[in-house]
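Working through the structure, step by step
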Amino acid sequence: MSTGKGFSKKIIVWALIGLFILFYIIGIYWSSEPESINIHAEVTKAAKADNVAPVVGYTTTTVLIKVSEKLLNKPGGYLSNDIMPPSVFLDNMPAWEFGVLEMVRDMALVMRKDFSRSQSQSLVNKYLQDAQPRFNINSNNWAMPSAESEYTEAIKQLYAYRSALVSTNSQNKAQFYARADNLRAYIEEVQKRLGSYSHRLSMSVGHDQMDTDLAGDKPAQQSSQGIQQQQLQTSWWQIDDVFFEARGATWALLQLLRAVEIDFNSILENKNAKISLQQIIRELEASQAYLWSPMVLNGSGFGLVANHSLVMANYISRANAALIDLNELLTKG
């Protein structure tokens, strides 16, 4: 009798070990980051399928669609709202997904209120009006409605908008205005996002932060008194999440800026700003280099151990500085 019980315990132990190994292998596979999108191939394929010639805005819309689809169709699918193992034990890929989602939301917003409208009094495109709010659902929603269902419906509306761009039917015609002021609106959205990521990544080592909220505007006021000086540092448990969120955001932004380079080519050349955008793309490409370490390290600024967060912050800060220069060129160039 005791022999049988001992044998049963061994079976259970080995079954648990086997299950753990299986979950571990699946987790590694599901945590692999997607490759960059081949924009030329995707646009050519889509245009051929629709039997149309790409117009201004077709490339940016196509890339926004493909970036959004990557969230749903990559290995393991969309993981952020999974409540079953092994997904529930993963945090790096959900953080990566949220970074991508933030950039998708920014582009969808700018397309709705700027790229698709000729002026402030013009009508909002019906497809983008439906698509953009759907991307804003809580990314952790798993039922009634789930995040995936809302994102899928938003993607359908983006497909409809893209079809309307090349439609010959004047009643169903949509527009995409590649103008300098519209591009500046998008750059300003991205600047705020990158500035936040750079700051959060830099806090991995901790530093004293002075209150500069009202700097440069003497009569400015705020609702409550801010702390004049405080010590800021990202929690050790959140360092890898911040890193992978920033990595996902820069991956998505890289794809979108490559599309912007195509659709806004005439504007960039006229402002002599194309090389500036290409430099931003180079910095973002560097941020996607393979991470050889099995974990995100958090060494001190000049210590013996690497600090991957500071390296990522450096690339993002350089890209953000170049974005500021690009914005100036579009304004004055």
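Right above here is the structure, for reference.
Treat the numbers as computed from the prediction; the structure is a model and nothing was measured.

1. Quick notes on the overall build of the protein chain
A tally of regular secondary structure across the protein chain gives eleven helices and two strands. Restricting to contacts in the protein chain with at least 6 residues of sequence separation, those with at least 24 account for 74%. A total of about 18,100 Å² of accessible surface is found on the protein chain, and carbon and sulfur atoms cover 56% of it.

2. Focus on helix H11 (residues 308-332)
Between its first and last C-alpha atoms H11 spans 37 Å; for 25 residues at 1.5 Å apiece the expected length is 36 Å, and the two agree. For H11, the full list of buried residues reads His308, Ser309, Met312, Ala313, Ile316, Ala319, Asn320, Ala322, Leu323, Leu326, Asn327 and Leu330. Elements in contact with the buried residues of H11: helix H7 (180-202), helix H8 (239-263), helix H9 (265-270) and helix H10 (274-286). Regarding H11, its N-cap is Asn307, as a side-chain oxygen of that residue lies 3.1 Å from the backbone nitrogen of Ser309 further along.

3. Some words on the packing of aromatic side chains
Across all of its chains, the model carries nine aromatic pairs by this definition. Centroid distance Trp96 to Trp251: 5.3 Å. Interplanar angle 50 degrees. Geometry classified as tilted. With Trp96 in helix H4 (residues 92-115) and Trp251 in helix H8, the pair connects residues that are 155 residues apart, well separated along the chain. Relative accessible area serves as the criterion here: at 1%, Trp96 is assigned to the buried category. Taken together through their ring pairs, the aromatic side chains of Phe115, Phe176, Tyr186 and Phe264 make up a single cluster.

4. Quick look at unusual backbone geometry
Glycine aside, the phi torsion of most residues is negative, and most peptide linkages are trans. Of note, the amide linkage connecting Met144 to Pro145 takes the cis form, showing an omega dihedral of -10 degrees. Following the sequence through the fold, Pro145 ends up in the loop between helix H5 (126-134) and helix H6 (147-165). Backbone geometry at Asn51 places phi at a positive 60 degrees, although glycine is not the residue there. For Asn51, the position within the fold is in the loop between helix H2 (39-50) and helix H3 (58-73). The class of Asn51 is exposed, set by a relative accessible area of 70%. Even without glycine at this site, Asn272 takes up a positive phi of about 55 degrees. In this fold, Asn272 is placed in the loop between H9 and H10. By relative accessible area, which is 61% here, Asn272 ends up exposed.

5. Side note on the pattern of salt bridges
In the structure shown here, the tally under the stated rule is 16 salt bridges. The salt bridge partner of Arg162 is Asp50, with a shortest N-O separation of 3.7 Å. With Arg162 in helix H6 and Asp50 in helix H2, this residue pair connects regions lying 112 residues apart in the sequence. According to the relative accessible area criterion, Arg162 is buried, its value standing at 5%. Glu285 serves as the salt-bridge partner of Arg258, at 2.8 Å between the closest nitrogen and oxygen. Of this pair, Arg258 sits in helix H8 while Glu285 sits in helix H10, placing them 27 residues apart in sequence. If you follow the salt bridges from partner to partner, you end up with Glu102, Arg105, Asp106 and Arg193 in one network.

6. Comments concerning the environment of Leu79
Following the sequence through the fold, Leu79 ends up in the loop between H3 and H4. Sequence separation of Leu79 and Ser31 is 48 residues, and the distance between their C-alpha atoms is 9.6 Å. Apart from the residues within four sequence positions on either side, Leu79 is in contact with Trp30, Lys74, Ser87, Leu90, Met93, Pro94 and Glu97.

Thresholds applied
- Residues numbered from 1 in each chain as written.
- Predicted model: local features only at pLDDT ≥ 70, side-chain atom pairs only at ≥ 80, totals over all residues.
- Heavy atoms only, no water.
- Helix = DSSP H or I, 4+ residues; strand = E, 2+ residues; numbered from the N terminus.
- Contact = heavy atoms within 4.5 Å.
- Areas by Shrake-Rupley, 256 points an atom, 1.4 Å probe, with all protein chains shown as cover.
- Expected span 1.5 Å × (residues − 1).
- Buried < 20%, exposed > 50% of the residue type's maximum accessible area, 1.4 Å probe, protein only.
- Polar contact = N/O pair within 3.5 Å; in protein donor to acceptor, adjacent residues only side chain to side chain.
- Phe/Tyr/Trp six-rings, centres within 6.5 Å; stacked < 30°, edge-to-face > 60°.
- Salt bridge = Lys/Arg side-chain N within 4 Å of Asp/Glu carboxyl O.

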